[in-house]
Amino acid sequence: MDEVKRFLELLNSEQTATTFGEVSIRNLESFFENISKASVIQSDRPDIIIESDTVIYGLEYFTFDSSASSKKGTSMRIERAKVQREYDAVIDKAMKNGESETISHRTTYQSSRSIEDYVENYIRNYQAHYIKKETYLENEHLKETKKPVELGFVIENTSILPDIIYGGDKKPNILLPFNLSVLQQFMKDKEHIPHVFYITHNGNNGYSIYYFHIYKELLNDLKNLDFPIYDELNLIDWQAHSMGFTIFIPKSDMEK
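Nothing here was measured: the structure is a model prediction, and the numbers come from that model.

J.: Which residues make up the pattern of salt bridges, and what are the values?
T.: The full count for this structure, using the stated rule, is 5 salt bridges. Of the charged contacts in the structure, one is a salt bridge between Glu156 and Arg6, with a shortest N-O distance of 2.6 Å. Pair noted here: Glu156 is in strand S8 (residues 149-157) and Arg6 is in helix H1 (residues 3-14), with a separation of 150 residues, a long-range link. Classification of Glu156 by relative accessible area gives buried; the value is 5%. In this structure, Asp189 engages Lys188 in a salt bridge whose closest nitrogen and oxygen atoms are separated by 3.2 Å. Accessibility expressed as a relative area gives 51% for Asp189, which makes it exposed. What makes Lys188 partly exposed here is its relative accessible area of 30%.

Shown next as structure tokens:
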């Protein structure tokens, strides 16, 4: 995956990110001000390097989902790869045979998900990348600069369907990591990587970006904002039993 392309496309489509609290708002404003005239490159550990006149951001990009995990990966990741292979095979066959310009294909998804899997996968992936913080600072772009270096995570929830909960207002809401007290407690001491961008389905065939700045008073500030924080939750139990696609391929492409 081209992490730079993905991140910038989402930022450009959203124009900003949703955030909460004055500290996070100020840091997000500073981030956008700095990157407006910055160079952005794809790198490795961390994946995204953003260098402005005054600061360099090193952002590591990782994904997780809310399905059960095994040594082979999460069930959603395995299933997504299987479905992708099916789609590729259908398209490849159609391209070779030139049978039709319009291709339709349907498949079923079986993966279930839960809050427990959401929490477990989030913590495991977050911690696995957080312990590499010193390695990120050894990146040649960050190590050789005299500018301040600020680290961050870009975390994408790749669950096949949006992870939605019913909040105290009895309305469906997109689940954020900071809604869960167990994840708040997990992240509260992770100030060495202060910038957290969270990407998730918005429940309307698109994506939304949320930003949180990690600092000591974050939890108290969120409580003062009446930000919804839960000890226990259940995800809305909905699954895509059948999903499909229709693609149009011009005859000129099929004949190549």
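Right, picking up where we left off after that structure.
J.: Mind laying out the nonpolar core, listing which residues take part and the relevant values?
T.: Most often, soluble globular proteins keep nonpolar side chains buried together rather than apart. If you look at the biggest cluster of nonpolar residues, it comprises 39 residues, and the most contacted ones within it are Tyr126 and Ile155. Within the residue set of this core, elements represented by two or more residues are strand S4 (56-64), helix H4 (115-130), S8, strand S9 (164-166), helix H7 (181-187), strand S11 (195-201), strand S12 (207-213) and helix H8 (218-224). When sequence neighbours within four positions are dropped, the list of residues in contact with Tyr126 reads Phe62, Phe153, Ile155, Phe186, Met187, Lys190, Val196 and Ile214. Grouped together as the second largest cluster of nonpolar side chains are 19 residues, Ala17, Ile50, Tyr57 and Tyr211 included.

J.: Would you mind going over the pairing of S11 in detail, with residue names and values included?
T.: Two faces make up the sheet, and in a regular strand the side chains alternate between them. Most of S11 sits inside the fold, with 7 of its 7 residues counted as buried. Here S8 pairs with S11 via 5 bridges, running parallel. When the sheet's bridge partners are listed, Glu156 is paired in S11 with Ile199. As paired elements, S11 and S12 share 7 bridges and run antiparallel to each other. Bridge pairing in S12 links His201 to Tyr207. With antiparallel pairing between neighbouring strands as the criterion, S11 and S12 make up a hairpin whose turn holds 5 residues, including Gly203 at a positive phi of roughly 80°.

J.: Explain the packing of aromatic side chains residue by residue, including any values.
T.: A full pass over the atoms with the stated rule returns 17 aromatic pairs. Considering the side-chain rings of Phe178 and Phe212, the 4.1 Å spacing of their centres and the 25° angle between planes classify their relative orientation as stacked. Residue Phe178 is located in the loop between strand S10 (172-174) and H7, and its partner Phe212 is located in strand S12; the two are separated by 34 residues in the primary sequence. Across the pair, exposure class does not vary: Phe178 and Phe212 are buried alike. Geometrically, the ring pair formed by Phe197 and Tyr211 is tilted, given 4.9 Å between the ring centres and 55° between the ring planes. One end of the pair, Phe197, is in strand S11; the other, Tyr211, is in strand S12, with 14 residues separating them in the sequence. Here the aromatic residues Phe62, Phe64, Tyr118, Tyr122, Tyr126, Phe153, Phe186 and Tyr198 are joined through ring pairs into a cluster of three or more. We note Lys190 situated over the ring of Phe186; from NZ or CZ to the ring centre the distance is 4.1 Å.

Rules and cut-offs
- Residues numbered from 1 in each chain as written.
- Predicted model: local features only at pLDDT ≥ 70, side-chain atom pairs only at ≥ 80, totals over all residues.
- Heavy atoms only, no water.
- Salt bridge = Lys/Arg side-chain N within 4 Å of Asp/Glu carboxyl O.
- Helix = DSSP H or I, 4+ residues; strand = E, 2+ residues; numbered from the N terminus.
- Buried < 20%, exposed > 50% of the residue type's maximum accessible area, 1.4 Å probe, protein only.
- Core = buried A, V, L, I, M, F, W, Y, C linked by side-chain atoms within 4.5 Å.
- Contact = heavy atoms within 4.5 Å.
- Pairing = 2+ DSSP bridges.
- Phe/Tyr/Trp six-rings, centres within 6.5 Å; stacked < 30°, edge-to-face > 60°.
- Lys NZ or Arg CZ within 6 Å of the ring centre and 35° of its normal.

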